[in-house]
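Letter by letter, the chains look like this.
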Amino acid sequence: MKVIQNGICAAKGFKAGACHCGIRKNQSKDDLAMIYSIQPCNCAATYTTNKVKAAPLKVTKNHLQNGIAQAVIVNSGNANACNPVEMENAELEAKVAADLLGIDTNDVIVASTGVIGQPLPIACIQENAHCIELSEAGNDKAAKAILTTDTVEKVIAVEFDIHGTTVKMGGICKGSGMIHPNMGTMLAFITTDCNISSDLLDEMIHDNVKKTFNRVSVDGDTSTNDMCVIMANGLAGNEEVSKEDDSYATFKEAFLFVMETLAKKIAADGEGAGKLMTSTVIHAANEAKAEVLSMSVCSSSLVKAAMFGADANWGRVICALGYSGEDFDPETVDIYFKSKKGIVQCCKDGKGLPFDEELAKEILLDDEVEIISDMKEGDAFVSCWGCDLTYDYVKINGDYRT
């Protein structure tokens, strides 16, 4: 597997583009994006577990009942959630894309992100969507257009071999705040030219999301609009992947890599974040237990604040392990802090150790830090991803709506 360029347009037959249609007041910011395959795709998706689900998710779920889609239309600046005309406007948004592309409305995926509770200004989309110029070089415009409080585009693409055929896969996503399992205010769109059944895609996306996007926490909030979609148009020309064989394993490995890469990019770009924080639990009794323990540390506001201050406050880590709800022996736990600058152990068998505070400070000042909790119970390990909690997080969210 090799990392390549061009994101969602890396795979054969996919085009993308974006324009400013007027949802956002910032005239320099595109706020409407489209992704299009020149032929229909086998498709699968996952959605937020929040009981409150925005209309675009409901419309998309209905459109994907047959496992087929050909295009995505996504707007930023307005979530089209919890307003009187959300369903009507979500269907109208899908129709805009369908009419422009000459395809069936039921083959359009609809996604929105932004402020909750305000009607989507659908007229802006209807009047300006034609300004989108779809092209095989449109990845960057689409990746930027879907951002809200994100500070950077989140893009990845890879190529790999399935029985002598080169297959490509690419993805873009957005997500910065209101990020917490299961999924957060995040949208992820993944494209591939692999010939693979929609049933296998559905199985894989649900399995992989548990190990990637559901292991990210920025602020403990789960949104109404979260969606992850994969579209496969089969243009690579490989023999169809239709069962769990070696081709399936190769594809799933690439798919997991793409999703994990995007998940880490979301964590690193958390609202106000200064660093990517990885919480790794090792030697746990089983994977499910390791995940709960790891996420408890990753989502702790006090741990996040300590990471912001580069304070090797391991007491907050063992405390977060302790309130996770999982049973373990505190007197067997070791805790380490690690980065490119080195590694320092500060707790052994549940008790504090003398350690080099200056080295610990240097380690935690890095832009990527890892907290390692060794449970000494078994062979399972899990990493979850988050970021530090900074002053800027409050500044960004104090007046987000106004």
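Each value, and the rule that gives it
Residue indices begin from 1 for each chain and proceed along its sequence in written order. Where totals are concerned, whole chains, interfaces and linings use all residues; where local detail is concerned, this predicted model gives features only for residues with pLDDT of at least 70, and gives and counts side-chain atom pairs only at 80 or more. Only heavy atoms go into the side-chain values, all of them from the structure, while hydrogens and water stay out. Pairing of aromatic rings covers Phe, Tyr and Trp, the last counted by its six-membered ring, and requires centre-to-centre distances within 6.5 Å; plane angles under 30 degrees mean stacked, over 60 mean edge-to-face, and any other angle means tilted. What counts as a helix is a DSSP run of H or I of at least four residues, what counts as a strand is a run of E of at least two, and both are numbered from the N terminus. Burial status follows relative accessibility: with a 1.4 Å probe on protein chains alone, a residue under 20% of its type maximum counts as buried, one over 50% as exposed, and anything between as partly exposed. By definition here, a helix of n residues has an expected span of 1.5 Å times n minus one. We call two residues in contact whenever any of their non-hydrogen atoms come within 4.5 Å of each other. Confidence scores labelled pLDDT are given residue by residue by the predictor and lie between 0 and 100. Note: two strands are recorded as paired if DSSP finds a minimum of 2 bridges between them. In this analysis, axes come from line fits to C-alpha atoms, helices being fitted only over the stretch in contact, and the angle between any two N-to-C directions falls in the range 0 to 180 degrees. Only residues whose relative accessible area exceeds 30% and that form no salt bridge are eligible for patches; like-charged ones are grouped when within 9 Å, while nonpolar side chains (Val, Leu, Ile, Met, Phe, Trp, Tyr) are grouped when within 5 Å. Shrake-Rupley sampling with a 1.4 Å probe provides the accessible areas, and residues are treated as covered by the protein chains on show and by no other component. Definition used for salt bridges: Asp or Glu carboxyl oxygen within 4 Å of a side-chain nitrogen of Lys or Arg. All tallies of charge rest on Lys and Arg as positive and Asp and Glu as negative; His and the ends of each chain are not included. In this description, the location of a charge corresponds to atom NZ of lysine, CZ of arginine, CG of aspartate or CD of glutamate. Here roughly perpendicular refers to angles of 65 to 115 degrees, roughly parallel to angles under 35, roughly antiparallel to angles over 145, and oblique to all remaining angles. Helix crossings get a hand from a simple test, with the near helix turned counterclockwise from the far one by less than a right angle marking a left-handed crossing and a clockwise turn marking a right-handed one. Amino acids are sorted into nonpolar (Ala, Val, Leu, Ile, Met, Phe, Trp, Tyr, Cys and Pro), charged (Asp, Glu, Lys and Arg) and polar (every other residue, Gly among them).

*Asks:* Report on the packing of aromatic side chains, specifying residues and quantitative values.
*Replies:* For any pair of aromatic rings, the description rests on two quantities: the centre-to-centre distance and the angle between the ring planes. The tally for this structure, following the rule as stated, stands at 2 aromatic pairs. Residues Phe251 and Phe255 carry aromatic rings whose centres are separated by 6.0 Å and whose planes lie at 55° to one another, so their mutual orientation is tilted. Of this pair, Phe251 and Phe255 both sit in helix α6 (residues 246–268), 4 residues apart, roughly one helical turn. Residue classification places Phe251 among the buried positions, given a relative accessible area of 0%. Linked through ring pairs, Phe160, Phe251 and Phe255 together constitute an aromatic cluster.

*Asks:* I'd love a proper account of helix α2 (residues 86–101), names of residues and values included.
*Replies:* With 16 residues, α2 extends 23 Å from end C-alpha to end C-alpha; this agrees with the ideal 22 Å at 1.5 Å per step. When we look at burial in α2, the residues that qualify are Glu86, Asn89, Ala90, Glu93, Ala94, Val96, Ala97, Ala98 and Leu101. Next to the buried residues of α2 lie β3 (32–47), α1 (55–63), β4 (68–78), β5 (108–115) and α3 (122–128). Taken from the residues just after α2, Gly102 is the one with a positive phi, measuring 70°.

*Asks:* If you had to explain the confidence of the model for the chain to someone new, which residues and values would you point to?
*Replies:* In the predicted model, the chain carries a mean pLDDT of 92, and 94% of its residues have values of at least 70. Counted against residues more than four places away or in other chains, residues 177–184, with its pLDDT under 50, gives 49 contacts.

*Asks:* Give me the lowdown on the sheet that holds strand β16 (residues 380–387), citing residues and values where you can.
*Replies:* Judged by pairing direction, the sheet is mixed, and its 7 strands sit side by side in the order β9-β16-β11-β15-β12-β13-β14 without closing on themselves. Only two strands of the sheet have a single neighbouring strand rather than two, namely β9 (216–217) and β14 (351–352). For strand β11 (residues 276–284) and β16, the ladder comprises 7 bridges, and the chain directions are antiparallel. Bridge assignment links Val281 to a residue of β16, and that residue is Val382. The sheet contacts of α6 involve β9, β11 and β16, and relative to β16 the element is tilted by about 45°. Running at roughly 120° to strand β13 (residues 342–348), helix α10 (residues 357–364) makes contact with β12 (334–339), β13 and β15 (368–374) of the sheet.

*Asks:* Describe unusual backbone geometry, and please don't skip the residues or the numbers.
*Replies:* In this structure, Cys82 is a non-glycine residue whose phi angle is positive, near 60°. If you trace the backbone, Cys82 turns up in the loop between β4 and α2. A positive phi angle, near 55°, is found at His283, a position not held by glycine. Tracing the sequence through the fold places His283 in strand β11.

*Asks:* Summarise a positive patch on the surface; cite the residues concerned and give the values.
*Replies:* The grouping of Lys51, Lys53, Lys58 and Lys61 at the surface amounts to a positive patch. Topologically, Lys58 is positioned in helix α1. On the basis of relative accessibility, which here comes to 43%, the residue Lys58 falls in the partly exposed class.

*Asks:* A description of the packing of helix α7 (residues 287–298) against helix α9 (residues 314–322) should follow, citing residues and the corresponding values.
*Replies:* Two elements in contact, α7 and α9, have axes whose closest approach is 8 Å; the angle formed by their N-to-C orientations is 135°. When the axis of α7 is compared with that of α9, the two are oblique. α7 and α9 meet at a crossing whose hand is right-handed. Residues Leu293, Ser296 and Val297 of α7 touch α9, and the partners they reach there are Val317, Ala320 and Leu321. Partitioned by chemical class, the residues of the contact of α7 with α9 number 5 nonpolar, 1 polar and no charged.

*Asks:* Any chance you could break down the pattern of salt bridges for me, citing the residues and the numbers?
*Replies:* Taken as a whole, this structure holds 14 salt bridges when the rule is applied. As a salt-bridge pair, Glu377 and Lys289 come within 3.0 Å of each other at their nearest N and O atoms. In this pair, Glu377 is assigned in the loop between β15 and β16 and Lys289 in helix α7, connecting sequence segments 88 residues apart. For Lys376, the salt bridge goes to Asp349, with nearest N and O atoms at 2.6 Å. On the criterion of sequence distance, the pair formed by Lys376 in the loop between β15 and β16 and Asp349 in the loop between β13 and β14 is long-range, its members being 27 residues apart. Lys376 sits in the partly exposed class, given a relative accessible area of 38%. Looking at Asp349, the relative accessible area reads 30%, which means it is partly exposed. It is possible to trace a salt-bridge network through shared partners that takes in Arg215, Glu287 and Glu291.

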